Amino acid sequence: SLDFFVACLSSVSIEHQNSLFDEALSQLYLVSLHFQLEFPDHNFPLAHMQSELLTAFKSQEPRPSRLQHNVAAALNRIGWNHSFEYETPEGLSLDMAQPETKSAIEVDGPSHYLKCNGRRPTENGRTKFKSRLLCKLGWTIVHIPYFEWGALLDVAAQDTYLKSRLSLKEEEF
């Protein structure tokens, strides 16, 4: 319940803050963003730490993968203009984005999935949580799973796949 959530976070004091590493502060930033979006009428228990949490969150440099670069090149080929590694005003990083329409592509490599013995991989909690936050912020997210992209044999197949995922018609290009 909300009361339990508030009680847990309220136990983090200034003394505890100094012993937290950037990764923990970064995760608390995501919790604070979630709290603000889900419970806008309540005060976040760690509001006094908000700037430190955001600084820790933003300190994590994006490390784009070759897969992301390949998808970005394909998006350029099909005419989907975008910003690469776009940062939202809230500090969330998007692989490729059109900020004016709040549309984004997230390229999901193996680290975005749980291992599922022989079954189709399932998105992990961190990936689902980020998507939930972005949707609450009004973004439309298209996920490109590595196992789908890897099955495409040539650039024509990649372009067709992206057009389909983006629901674009051939005449729009």
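Now for a quick tour of the structure. (Residues numbered from 1 in each chain as written. Predicted model: local features only at pLDDT ≥ 70, side-chain atom pairs only at ≥ 80, totals over all residues. Heavy atoms only, no water.)

A separate point is the pairing of strand β1 (residues 83-87). The side chains of a regular strand alternate between the sheet's two faces. Summarising the sheet, β1 and strand β2 (residues 93-98) pair through 4 bridges and their orientation is antiparallel. The residue of β2 that forms the bridge with S83 is A97. Connecting β1 to the next strand, β2, in antiparallel fashion are 5 residues, including G91 with a positive phi near 95°. (Pairing = 2+ DSSP bridges. Helix = DSSP H or I, 4+ residues; strand = E, 2+ residues; numbered from the N terminus.)

A word on the packing of aromatic side chains. Within the structure shown, the criterion is met by 7 aromatic pairs. A ring pair is formed by Y86 and W139, whose centres lie 5.9 Å apart and whose planes are at 50°; its orientation type is tilted. Remark: W139 occurs in the loop between α6 (125-136) and β6 (140-145) and Y86 occurs in strand β1; sequence separation between them is 53 residues. When its relative accessible area of 21% is taken as the criterion, Y86 is described as partly exposed. Overall, the relative accessible area of 5% leaves W139 in the buried class. In textbook terms, an aromatic cluster arises when at least three aromatic residues are bridged by ring pairs, as seen for Y113, Y146 and F147. (Phe/Tyr/Trp six-rings, centres within 6.5 Å; stacked < 30°, edge-to-face > 60°. Buried < 20%, exposed > 50% of the residue type's maximum accessible area, 1.4 Å probe, protein only.)

Our next topic: the pairing of strand β3 (residues 103-108). In terms of residue burial, β3 counts as a mostly covered element, since 5 of its 6 residues are buried. Across 3 bridges, the pairing between β2 and β3 is antiparallel. Pairing of M96 across the sheet is with I105, part of β3. The loop that links β2 with its antiparallel partner β3 comprises 4 residues; one of these, K102, has a positive phi angle of about 55°. Where β3 and β6 come together, 6 bridges link them in parallel fashion. Paired with S103 across the bridge in β6 is T140.

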